[in-house]
Amino acid sequence: MFNVEYTTIIKGGENMKKLISASQLMKSYKTRCVVDHIDVDINEGEIVALVGTNGAGKTTTIGMLLGIIPQDSGTIKYWTSDYKKEIGAQLQTTPFFEGYSVEDNLKLFAAFYGVSLTKMLIDEKLAAFDLLQVKKLPAIKLSLGQQKRLAIIVTTLHNPKLVILDEPSAGLDPRGQREIQQIIKRLKDSGVSVLFSSDDMLEVMNVADRVLMMHHGKIIANGSPDSLMEHYQTQNLEELFFELTM
Amino acid sequence: MKAVFVLNLKSSLKDMYLLFWSILMPFAAIIALRLFVPNYAENYVEGIIAVSVFFYSFMTTAFIALSQRKRGVYNLLHATPMPLWKYIISISSSWAIVAIILSYIVLLFSIVINRLDVSFNIFLYMTPIILIASLSFVFFSFFLSSLVKNEGHLSMTANVLMIPMLLCSNAFFTMEKSPNFIQYISLINPFEWFLNGIKAAFINNFSTWGESLLLLIGCLALTLIISLKTFKYSDQ
């Protein structure tokens with residue numbers, strides 16, 4: 001059990017436009033409370049990392065924010081009424097339709113977002129993520145790294161304002177992880193806000209503007225990596241996490 | 001919707017393994033009947049067409065839907081603005097078109113093998129019957145795939161539903177001498193309505209054809225509602 005005072009340290013985010021404001025979110029499965037009355041804000045122009053160990057409640061939180069898991073209690077406010085049109089989602093399992101090629105999966109998901117893709121645009125997007133050479137292959141036959149990259153392309157097909165990625169680099173080798181981190185940074189540079197979950201503290205330090213640390217369904221820290229480490233006098237986020245969850 | 005329909009149709013028509021077995025089994029049945037019971041072979045054509053459409057539209061699509069759910073793609077669909085009814089209707093329509101194509105292939109083969117004398121009208125009258133029936137069966141397959149947890153459960157549950165529907169119909173033997181309760185079941189059996197519609201198309205019996213079509217349209221509406229209400233995006 002841990003005993004820590006919840007701390008919010010945000011530098012420079014106070015005047016940013018809120019894209020998502022979730023308050024007192026709670027979700028239980030049978031007798032187990034998976035997300036325990038948490039508040040989550042995602043601001044425009046930020047890369048926010050939701051970190052925690054397996055079972056911390058990250059995927060469930062993301063599911064609630066995406067509207068695919070109904071919360072038991074709490075509210076979620078979006079900056080737009082049509083939030084599903086403005087949010088791109090990548091799920092942990094990176095699912096693709098069986099029997100469809102890479103190209104056809106992109107066309108299908110584009111159709112779900114009401115977007116029509118030209119051949120040139122598809123080729124451009126695939127080329128940008130180094131997947132042009134596999135566009136005719138069945139999507140489920142791609143390597144894990146290729147599937148992760150393809151899943152991120154799917155999140156951007158409709159030019160969303162916010163992209164939510166659930167463990168985008170899980171299971172990848174260091175090169176693959178570096179590629180995903182660069183992709184996330186490129187998304188931010190192109191004006192897309194990002195919320196991603198991870199259990200890799202080093203990755204988070206390299207990429208995130210702000211960190212939401214989860215443990216046993218609760219948010220135990222919220223702030224920029226530097227400010228959190230400075231406040232708790234730790235060398236890195238991993239050390240901070242261990243300290244907060246001792 | 002159009003893009004979803006076209007993409008799924010393209011994918012379904014490229015599945016050579018599935019198409020092969022969906023065509024091979026009816027072909028084998030037609031040839032076997034011609035060889036061993038040549039005097040009655042043409043009496044079974046409607047039944048063979050109906051069964052092949054039924055198996056493709058119900059059993060096959062239920063497994064596809066279950067597989068997609070277990071992969072998690074329906075969860076991702078849930079995160080998009082695509083309304084569920086649009087997705088289900090688009091996908092189901094493409095599968096129904098494949099079912100129609102399969103039935104035409106089986107019918108043409110049967111015409112050749114049994115040297116049947118049929119008019120072009122048969123295609124005209126059979127098509128709406130097969131379209132409506134296969135759509136109903138596909139909608140029902142979504143419902144079935146939402147009930148079960150895995151392929152084993154699906155196989156068992158599908159058999160529990162399909163076998164009585166086949167046996168309580170006039171597909172391969174007459175219901176006239178069957179027990180009363182079997183005959184009552186056949187009256188409310190959608191597969192029997194489908195079969196009657198195909199048989200009516202063969203003999204230009206417009207009254208029975210129209211009756212079957214109306215019953216199947218009612219079945220279509222009911223199964224669409226059931227599939228939408230019971231659809232599960234994930235196993236959780």
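Read on for an overview of the structure. (Residues numbered from 1 in each chain as written. Chains lettered and ligands numbered in written order. Predicted model: local features only at pLDDT ≥ 70, side-chain atom pairs only at ≥ 80, totals over all residues. Heavy atoms only, no water.)

Some words on the interface of chain A and chain B
Part 1 of the reasoning: Contact residues are listed per partner, giving 23 residues for chain A and 22 residues for chain B.
Part 2 of the reasoning: For the pair chain A and chain B, the summed buried area comes to about 2200 Å², and 63% of that belongs to carbon and sulfur atoms.
Part 3 of the reasoning: Counting the contacts that link chain A with chain B gives 1 salt bridge.
Part 4 of the reasoning: Note that Asp-104 of chain A and Lys-10 of chain B form a salt bridge whose closest N and O atoms lie 3.2 Å from each other.
Part 5 of the reasoning: Our enumeration of links across chain A and chain B arrives at 7 residue pairs in polar contact (both at pLDDT 80 or more).
Part 6 of the reasoning: Among the elements of the structure, helix 2 (83-86) and helix 3 (102-112) of chain A are those that each provide at least two residues to the side of chain A that touches chain B.
Part 7 of the reasoning: Among the residues making up the side of chain A that touches chain B, the classes are represented as 15 nonpolar, 3 polar and 5 charged. (Contact = heavy atoms within 4.5 Å. Buried area = accessible area lost by both parts, 1.4 Å probe. Salt bridge = Lys/Arg side-chain N within 4 Å of Asp/Glu carboxyl O. Polar contact = N/O pair within 3.5 Å; in protein donor to acceptor, adjacent residues only side chain to side chain. Helix = DSSP H or I, 4+ residues; strand = E, 2+ residues; numbered from the N terminus. Nonpolar A, V, L, I, M, F, W, Y, C, P; charged D, E, K, R; others polar.)

Notes on the packing of helix 5 (residues 144-156) of chain A against helix 6 (residues 174-189) of chain A
All names here are of chain A.
Part 1 of the reasoning: The contact between helix 5 and helix 6 brings their axes to 11 Å, and the two run at 10°. Between helix 5 and helix 6, the angle falls in the class roughly parallel. Facing Lys-148, Arg-149, Ile-152 and Thr-156 of helix 5, the residues of helix 6 in contact are Glu-179, Ile-180, Ile-183 and Leu-187. (Axes fitted to C-alpha atoms, helices over the stretch in contact; angles between N-to-C directions. Parallel < 35°, antiparallel > 145°, perpendicular 65-115°, else oblique.)

Quick word on the packing of aromatic side chains
Part 1 of the reasoning: Evaluated as defined, the whole model comprises 25 aromatic pairs over all chains.
Part 2 of the reasoning: An aromatic cluster is built from Phe-97, Tyr-100, Phe-109 and Phe-112 of chain A together with Tyr-74, Tyr-87, Trp-95, Phe-142, Phe-231 and Tyr-233 of chain B, whose rings are joined through pairwise contacts.
Part 3 of the reasoning: Against the face of Phe-129 of chain A rests Arg-186 of chain A, its NZ or CZ located 5.4 Å from the ring centre.
Part 4 of the reasoning: The ring of Phe-231 of chain B has Arg-69 of chain B sitting right over it, with the charged end atom 5.4 Å from the ring centre. (Phe/Tyr/Trp six-rings, centres within 6.5 Å; stacked < 30°, edge-to-face > 60°. Lys NZ or Arg CZ within 6 Å of the ring centre and 35° of its normal.)

Quick word on unusual backbone geometry
Part 1 of the reasoning: Of note in the backbone geometry, Lys-30 of chain A takes a positive phi value of approximately 55° without being a glycine.
Part 2 of the reasoning: Although it is not a glycine, Arg-115 of chain B adopts a positive phi angle of roughly 50°.
Part 3 of the reasoning: Following the sequence through the fold, Arg-115 of chain B ends up in the loop between helix 5 (84-114) and helix 6 (121-147).
Part 4 of the reasoning: Arg-115 of chain B gets classed as exposed once you look at its relative accessible area, which sits at 69%. (Buried < 20%, exposed > 50% of the residue type's maximum accessible area, 1.4 Å probe, protein only.)

Keep in mind these numbers describe shape, not what the thing actually does.
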